[in-house]
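As a plain string of letters, each chain reads:
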Amino acid sequence: MRAYAEGLVLALIALFALWGAWQVPAASPGDTWAGIVPFSASVALLLLSGLMLAGAARQTAGDTGQDQDNRATLQIIGLFIIALLYQQSFRWFGYLLPTAIVAPVVLYFFGVRSRIGLILSMVFCPLVFHLIFFVLLGVFPPYGEVFDLLSWLQG
């Protein structure tokens with residue numbers, strides 16, 4: 001059951017990512033399409049989910065860790081909901097604020113319990129991702145409709 005849930009959630013994430021990549025506007029002549037990296041990553045995730053589902057179909061029915069599988073399934077579904085909320089919050093709050101909120105939540109979800117580490121992730125995750133995508137790769141950051149921390153910081 002757990003392997004099916006993981007494969008299905010990964011397939012759903014990949015489909016949402018594909019949809020999001022197609023929302024990136026076309027590149028002007030001579031430029032590289034900004035959606036090439038998310039599109040390639042979502043296709044890879046979709047292929048990986050297909051492999052996971054095929055592997056789950058081959059597993060035997062004799063499952064001894066049912067309680068652990070149920071717990072893991074709930075964790076996977078919870079992470080999927082966090083990912084959906086994170087993606088949708090870009091529209092309202094831009095990039096920096098949702099990343100600063102979600103980074104420590106996901107790290108805590110994966111077992112990081114250091115308060116200092118969680119607080120540092122609120123600053124360093126948005127900063128590092130901003131530098132990689134918006135400075136080095138030249139992708140335009142999404143600006144929020146309700147509030148955007150980036151435009152507030154830039155003045």
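This section reports on the structure supplied with the text. On a predicted model such as this, the values are computed, not experimentally measured, just so you know. (Residues numbered from 1 in each chain as written. Predicted model: local features only at pLDDT ≥ 70, side-chain atom pairs only at ≥ 80, totals over all residues. Heavy atoms only, no water.)

A word on the overall build of the protein
Thinking step 1. Along its length, the protein carries 6 helices and 0 strands.
Thinking step 2. In the protein, the order of α-helices and β-strands from amino to carboxyl end is α-α-α-α-α-α.
Thinking step 3. A buried classification covers 25% of the 155 residues belonging to the protein.
Thinking step 4. Taking as baseline every contact in the protein between residues at least 6 positions apart, the subset at least 24 positions apart corresponds to 67%.
Thinking step 5. As presented, the protein carries roughly 10500 Å² of accessible surface, and 72% of it is formed by carbon and sulfur atoms. (Helix = DSSP H or I, 4+ residues; strand = E, 2+ residues; numbered from the N terminus. Buried < 20%, exposed > 50% of the residue type's maximum accessible area, 1.4 Å probe, protein only. Contact = heavy atoms within 4.5 Å. Areas by Shrake-Rupley, 256 points an atom, 1.4 Å probe, with all protein chains shown as cover.)

Concerning the packing of aromatic side chains
Thinking step 1. The full count for this structure, using the stated rule, is 8 aromatic pairs.
Thinking step 2. Judged by centre distance (6.2 Å) and plane angle (55 degrees), the rings of tryptophan 33 and phenylalanine 39 are tilted.
Thinking step 3. Looking at phenylalanine 39, the relative accessible area reads 23%, which means it is partly exposed.
Thinking step 4. Between tyrosine 86 and phenylalanine 90, the ring centres sit 4.9 Å apart and the planes meet at 75 degrees, which makes this aromatic pair edge-to-face. On the criterion of helical spacing, the pair formed by tyrosine 86 and phenylalanine 90 is a turn pair, its members being 4 residues apart in helix 3 (residues 66–93). (Phe/Tyr/Trp six-rings, centres within 6.5 Å; stacked < 30°, edge-to-face > 60°.)

Comments concerning the packing of helix 4 (residues 96–109) against helix 5 (residues 115–136)
Thinking step 1. Following both chains from N to C, one finds helix 4 and helix 5 inclined at 130 degrees, their axes separated by 8 Å at the closest point. Taken as axis vectors, helix 4 and helix 5 run oblique relative to one another. In terms of crossing hand, the pair formed by helix 4 and helix 5 is right-handed. Each of Leu96, Thr99, Ala100, Ala103, Pro104, Leu107 and Tyr108 in helix 4 lies in contact with helix 5, whose residues at this interface are Leu118, Ser121, Met122, Cys125, Pro126, Phe129 and His130.
Thinking step 2. Here the contact of helix 4 with helix 5 is composed, by residue class, of 11 nonpolar, 3 polar and no charged. (Axes fitted to C-alpha atoms, helices over the stretch in contact; angles between N-to-C directions. Parallel < 35°, antiparallel > 145°, perpendicular 65-115°, else oblique. Left-handed = near helix turned anticlockwise from the far one by under 90°. Nonpolar A, V, L, I, M, F, W, Y, C, P; charged D, E, K, R; others polar.)

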